[in-house]
Amino acid sequence: MFYPDIRFLRDRIDRVKASDRVDGPGARYAHVLRGVLLLIFVILSAPGTASRADDAPRRVLILHSFNYSFSATTLTSEIVRKRLLERFPQGLEIEADFLDLARYPDAARALRMANFLREKYAGVHFDAVVVIGPAALPFILEHREVVGEGVPIVFSDLTRTAYEAMHLPPDVTGVFSDPYPEKTLGLAESLQPGARRVVVIGGSHAVDRQWQETARKAIEAYNPKLETAYWSDLTYNALLANVSRLPSDTIVLFLTFFADSEGKRFVPANVAAAVAEASAAPVYGLFETYLGLGIVGGYVDTYGSVGTTTADMVLEILSGTDVTTLAPRVNPGLTFRVDARAMDRWGLNERNLPPGSAVLFKQFSIFDQHRYFVLGTALILGLQMCIVAALLSQRRRRHQAEASLIESEERMTFTAASANVGLWQFDRTTNELWTTEHCRAMFGLASDVPLTLDTFVGKVHPEDRGMALAAIRRGSNALESSVTHVRVVHPDDQIRWVSVRARTDSDGTSSRLSGIFVDITEQKTAESEAELQRVEVAHLMRVSVLGELSGAIAHEVNQPLAAILSNAQAALYLLAQDKPDLAEVRDALRDIVQEDNRAGEVVRRLRNLLKKGATRTEPVDINELVNSTIRLLRNEMIGRRIVVETDLASNLPALSGDSVQLQQVLLNLVMNAMDAMASTPVARRLVTITTRAIPAEAIEVLVKDRGPGFKAAQGGRLFEPFYTTKEHGLGLGLAICSTIVQAHGGKITLSNDDAGGAIAGFSLPAQELMVAAQ
Amino acid sequence: MTESRFTVFLVDDDAGVLKGLSRLLRARDYDVQAFTSPQEFLTNHVSSAPGCAVFDVSMPGLDGLELQQALTTEGLQRPVIFLTGKGDIPTSVRAMRAGAIDFLTKPVNDDELLDAIARAVKADISIRRASAELDSIAARLATLTPREFEVMTHVIAGRLNKQIAGYLGTAEKTIKVHRGRIMEKLGVRSVADLVRLAEKAGIPGNRP
């Protein structure tokens, strides 16, 4: 390490030595003096050396070139001291003196100091002397007797040039510390590849000028082509003003600044800081003391490495190594050191630094310092964020789902209410019924009445209550829902029909039943209206058929009337005789009664067919129905020269239904058969009516004719309303027959007979309660 | 009506009507034979017996008009009275053309029916009378030899004996003998009577 502040001292020494060599007598004198002193030292120290016991405490004297307040050297010496104590555990006494020769460089003072030290350390043996700073080295060399001749001296700061010039004795060794302005310049060039010029700043003090001279030589040797300006005769303010106007492609090399052109004194480090702050271009320096003040950096060493190396050499001496074998060493801590903050300020890239450069004051980001912690924290934060986001999203979805559920429920309730449908649920275990509000209106319940099973059932028509309860309680299995129609009595005695549709939840084992109430009054009304219309049409068709048959029917009534008239007139004649044959008269009267009954029967049958009554369910003897129909058609058949044959099975299963409607079907089928044979030769005109039991507990009635049959194309349409093959047909006969038979749960069929002609027939399920009206 | 009682043959498929009419006519002292179907009547009725038929027009199988036709086809001249439930004009016209005594509508009053039957009795008598004369003519014609019958056909054609002899290739005298026998056998005194008789018997004159 080397100290710019005292450089001039070293130069003086160099000059002295040079004058010694060149000037002859002075130098020779000094040499002789030095030799005498050495001799005295050896003589004096010999016994001391010889008498020195191995266990005597070792001592090291640290001589400072400056006073204690000169932090650079104090720092170095402190490092030396600590390392010595640390590495020499046997015990070491360290003395230190601050010569302060840099500030007071006069020889008289040096002499006084030497006398002081001599007295101070009289009789004290030192194993080594450490010289911190260059100024103390010439002093101690001049006054070696202070510590005793032959005590090894270790210097801690000396340029190689100065060392070589001083021709030091072999027991003096130490650590070289050379400034390398050219290397600092090289650093600047690599950091600023586009730099055009160099400005070298120094003060106006003699020391400053010395430094400038040294730098100029080094720089010119290094790169003479680079445009280089040397500013050394500026006032402090002018300097700052000038640097602030520098182009940014300038390399500013700050040397030392002890005084400005007006002789004003400065501390170089402070000036370096001010220049670095004011400069418009990066500023480089040569000393560690400048680092951290705003300059970019330079090729510098550290007090630490100087101190450590120095202490190591002392330790070697203390451990017995002959000092003469220890060659001076170059400070190994010398390297490129840069201030990362300044680099950032100028936008200089660390990648352009020479290999092995030390980057100081690097503001490591938290990430750099605690990579894993930061990464871990970031990961955890990220995960937390994800979880929070997921939770938020879930919450939003839940809100949405809830909202949509509410909306859906409202929609469903609205829809159900709009469709006049009430929803309900029933718990079999608790016997509790839940319903939608709409059910109130459907059941005519007042708004203050609680919606319970009892209040609901109470509104059902008494006859239907059992059914309603069963429907709600029983339900059915999950796959098929049960439907029950019940009547509900509203407060105004109005009867409404409500369909109770129920099903158990899911698997059918649940105790909960759910279902709907549907007001089907309109449907029921429509159904009964349709039924009414069906009955109406059927009736109209019967009337129309009977109209066609009116001649034959008139004849049918006429016959008994004719018989009655004849009998009556015969009786009258007989009674008019003198001896009336009363037995014959009685027979006549009996026949009259019988014939009258017969006429009445015809009229009754006719009235039945003409009647417009609602559909009835009664036991029906199908054979009797066939015979009755034939009687009705008898005269018509005679008129049309058609013979009818019957093949009526006995022991037919019981049948129930509406006899009038069924007779209408028969009447229609037989008349169709008759109509079909208009072109058939008279001898072949035969209608065969067959009744028989068929498997599956059913009764079949077949009406066969000998007409032309029907064409396949007509087959499918014959049951359609208003489809007819007859010239004056309405096309309603078979359609109505089909409706009637279906209402009886039966089936109407139409086929061609293999022997010619058509077979119309229908089958009816036996022994089943025909509920045509429902 | 003296040698054999007048019989009314009733044919009606309606038993009640049949019974009432029978009672009415029997009370009036007519013999009644009642049949419920035309076939039964055709099978059982005695055509020689005096009487008339009362047919219902509308019956299964053969109707009244067809039954009348069937009788005519068999050569039976039986006065027929029709009864009908519906007195439609075309049917009545057909019936009357076919020689029906009357066409009555049910229910029929006894007066109308009895009046019709009375007319039928007269008709039957005249039919029978005509029938009896033809029978005697036929019996007399049956006594003629074939030669005499042949000669007769020429005589009623208005030919002279000489013409007939020439035509038959025999003597005029022989023809004269045949003519005398014919007149005698047939019980006629003049050619005019002979011609009238042949007409009744439906024998056409021989006109070469």
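Note that the coordinates shown come from a computational prediction; the quantities given were computed from them, not determined experimentally. (Residues numbered from 1 in each chain as written. Chains lettered and ligands numbered in written order. Predicted model: local features only at pLDDT ≥ 70, side-chain atom pairs only at ≥ 80, totals over all residues. Heavy atoms only, no water.)

1. Brief notes about the overall build of chain A
Along its length, chain A carries 24 helices and 25 strands. Considering chain A as a whole, with its 774 residues, one finds that 48% of them fall into the buried category. Here the analysis covers contacts within chain A between residues at least 6 apart in sequence; of these, 67% occur between residues at least 24 apart. Accessible surface for chain A amounts to roughly 38400 Å². Of this, 56% is attributable to carbon and sulfur atoms. (Helix = DSSP H or I, 4+ residues; strand = E, 2+ residues; numbered from the N terminus. Buried < 20%, exposed > 50% of the residue type's maximum accessible area, 1.4 Å probe, protein only. Contact = heavy atoms within 4.5 Å. Areas by Shrake-Rupley, 256 points an atom, 1.4 Å probe, with all protein chains shown as cover.)

2. Focus on the overall build of chain B
The helix and strand tally for chain B stands at nine helices and five strands. Starting at the N terminus and walking to the C terminus, you meet the elements of chain B as β-α-β-α-β-α-β-α-β-α-α-α-α-α. The buried share of chain B, reckoned over its 208 residues, is 47%. Considering only intrachain contacts with a sequence separation of at least 6, the fraction spanning at least 24 residues in chain B is 62%.

3. Some thoughts on a nonpolar patch on the surface
Residue and element names in this part refer to chain A. A surface patch of nonpolar side chains, about 410 Å² in accessible area, is lined by Leu379, Leu383, Ile387 and Leu391. Mapping Leu379 onto the fold places it in helix 14 (residues 371–418). Using a relative accessible area of 57% as the deciding quantity, one classes Leu379 as exposed. (Patch = residues over 30% accessible without salt bridge, like charges linked within 9 Å, V, L, I, M, F, W, Y side chains within 5 Å. Salt bridge = Lys/Arg side-chain N within 4 Å of Asp/Glu carboxyl O.)

4. Quick look at the nonpolar core
Residue and element names in this part refer to chain A. In terms of nonpolar packing, the biggest core is built from 51 residues, with Leu191, Ile201, Leu239, Phe254, Val275 and Tyr284 touching the most fellow members. Among the elements that line this core, the one with the most residues is helix 10 (residues 268–278), at six residues. Counting 46 residues, the second-largest nonpolar core is a separate cluster that includes Ala538, Leu606, Val687 and Ile689. (Core = buried A, V, L, I, M, F, W, Y, C linked by side-chain atoms within 4.5 Å.)

5. Details of the environment of Pro134(A)
All names here are of chain A. Locating Pro134 in the fold gives a position in the loop between strand 3 (128–132) and helix 5 (136–142). With relative accessibility at 3%, the residue Pro134 sits in the buried group. Once the C-alpha coordinates of Pro134 and Phe155 are considered, the two residues, 21 residues apart in sequence, prove to be 7.7 Å apart.

6. Brief notes about the pairing of strand 3 of chain A
Residue and element names in this part refer to chain A. With respect to burial, strand 3 is a largely interior element, five of its five residues being buried. Across the two faces of strand 3 the burial is the same, with Ala128, Val130 and Ile132 and Val129 and Val131 all buried. For strand 3 and strand 4 (residues 153–158), the ladder comprises three bridges, and the chain directions are parallel. Looking at strand 4, one finds that Val131 is bridged to Phe155. With helix 5 bridging strand 3 and its parallel neighbour strand 4, the resulting β-α-β unit is right-handed. (Pairing = 2+ DSSP bridges. Right-handed = clockwise from strand over helix to strand, strands pointing away.)

7. Focus on the sheet that holds strand 23 (residues 698–704) of chain A
By definition, the strands of a sheet pair up through backbone hydrogen bonds, in either a parallel or an antiparallel sense. Residue and element names in this part refer to chain A. Pairing in this open sheet of five strands is mixed, and the strands run 20-22-23-25-24 from one edge to the other. At either end of the open sheet lies a strand with only one pairing partner, and these are strand 20 (643–648) and strand 24 (747–752). Taken over all neighbouring pairs, the strand axes of this sheet differ in orientation by 15 degrees on average, direction set aside. Where strand 24 meets strand 25 (residues 758–765), six bridges bridge the pair, whose relative direction is antiparallel. Looking across to strand 25, one finds that Lys747 is bridged to Ser763. Against the sheet, helix 21 (residues 622–639) makes contact with strand 20, strand 22 (686–694) and strand 23, and its axis sits at roughly 175 degrees relative to strand 20, the strand it touches most. Sheet contacts for helix 24 (residues 733–743): strand 24 and strand 25; angle to strand 24, the most-contacted strand, approximately 135 degrees. (Axes fitted to C-alpha atoms, helices over the stretch in contact; angles between N-to-C directions.)

8. Concerning helix 3 (residues 71–87) of chain A
Residues and elements named next belong to chain A. Counted at 1.5 Å a residue, the expected span for helix 3 with its 17 residues is 24 Å, and the 24 Å between its end C-alpha atoms agrees. By the burial criterion, the buried members of helix 3 are Ala72, Thr73, Thr74, Thr76, Ser77, Val80, Arg83 and Leu84. Each element contacted by the buried residues of helix 3 is listed here: strand 1 (58–64), strand 2 (92–98), strand 3 and helix 11 (303–318). (Expected span 1.5 Å × (residues − 1).)

9. Some words on empty space enclosed by the protein
Residue and element names in this part refer to chain A. Under the definition given, this model contains two cavities of 30 Å³ or more. For the second largest cavity, the calculated volume is near 50 Å³. Around the second largest cavity sit Phe443, Phe456, Val457, Val460, Ala468, Ile472, Val486, Val500 and Phe517, which together line it. Counting only elements with at least two residues in the lining of the second largest cavity, the list comes to helix 16 (453–459) and helix 17 (465–474). Residues of the lining of the second largest cavity, tallied by class, amount to nine nonpolar, no polar and no charged. (1 Å grid on protein atoms, 1.4 Å probe; cavity = no way out; pocket = protein on both sides within 12 Å on 5 of 7 lines; lining within 4 Å. Points joined across faces, edges and corners; volume = space filled by probe spheres on them. Nonpolar A, V, L, I, M, F, W, Y, C, P; charged D, E, K, R; others polar.)

10. Some words on the interface of chain A and chain B
Contact with chain A, which involves 23 residues of that partner, is made by 26 residues of chain B. Both faces considered, chain A and chain B share a buried interface measuring about 2000 Å² in area, 48% of it formed by carbon and sulfur atoms. Interface area lost by chain A to chain B is led by Gln569(A), Tyr573(A) and Arg641(A), which between them contribute 24%. If you look at where chain A meets chain B, you find six salt bridges. When the shortest N-O distance is used, the salt bridge between Asp13(B) and Arg634(A) registers 2.3 Å. Along the contact surface separating chain A from chain B lie twelve residue pairs in polar contact (both at pLDDT 80 or more). When contributions to the side of chain A that touches chain B are tallied by element, the ones reaching two or more residues are helix 19 (550–575), helix 20 (582–610) and helix 21 of chain A. The element contributing the most residues to the side of chain A that touches chain B is helix 19 of chain A, with 13 residues. Each residue belonging to the side of chain A that touches chain B can be placed in one class, and the counts come to nine nonpolar, seven polar and seven charged. (Buried area = accessible area lost by both parts, 1.4 Å probe. Polar contact = N/O pair within 3.5 Å; in protein donor to acceptor, adjacent residues only side chain to side chain.)

11. Observations concerning the packing of helix 1 (residues 15–27) of chain B against helix 5 (residues 110–142) of chain B
All names here are of chain B. For the pair helix 1 and helix 5, interaxial distance at closest approach is 11 Å and the crossing angle is 65 degrees. When the interaxial angle is binned, helix 1 and helix 5 end up roughly perpendicular. With respect to the hand of their crossing, helix 1 and helix 5 are arranged in right-handed fashion. Note on element contacts: helix 5 touches helix 1 through Asp110, Leu113, Leu114 and Ile117, opposite Leu21, Leu24 and Leu25. (Parallel < 35°, antiparallel > 145°, perpendicular 65-115°, else oblique. Left-handed = near helix turned anticlockwise from the far one by under 90°.)

12. Details of the packing of helix 3 of chain A against helix 11 of chain A
Residues and elements named next belong to chain A. Viewed as axis vectors pointing N to C, helix 3 and helix 11 meet at an angle of 40 degrees, and their least axial separation amounts to 8 Å. On the basis of the axis angle, helix 3 is oblique to helix 11. Helix 11 is crossed by helix 3, and the crossing has right-handed handedness. Judged by residue contacts, Ala72, Leu75, Thr76, Ile79, Val80, Arg83, Leu84 and Arg87 of helix 3 engage Tyr303, Gly304, Val306, Gly307, Thr308, Thr310, Ala311, Asp312, Val314 and Leu315 from helix 11. Per-class residue counts for the contact of helix 3 with helix 11 are ten nonpolar, five polar and three charged.

13. A few points about the confidence of the model for chain B
Considering every residue of chain B, the mean pLDDT works out to 86; 97% of them sit at 70 or more. The ipTM, which scores confidence in the relative placement of chains, is 0.78 for this predicted complex, and the corresponding pTM is 0.46. (pLDDT = per-residue confidence, 0-100.)

14. Observations regarding the environment of Asp754(A)
All names here are of chain A. Summarising the element assignment, Asp754 is placed in the loop between strand 24 and strand 25. Judged by its relative accessible area of 83%, Asp754 is exposed. Sequence separation between Asp754 and Gly709 is 45 residues, and the spatial gap between their C-alpha atoms is 9.7 Å.

15. Quick look at the sheet that holds strand 3 (residues 51–56) of chain B
Residue and element names in this part refer to chain B. Strand order in the open sheet formed by five strands is 2-1-3-4-5, with parallel pairing between adjacent strands. Each end of this open sheet is capped by a strand with a single partner; those strands are strand 2 (31–35) and strand 5 (102–105). Sheet twist, expressed as the average angle between the axes of neighbouring strands with direction ignored, equals 20 degrees.

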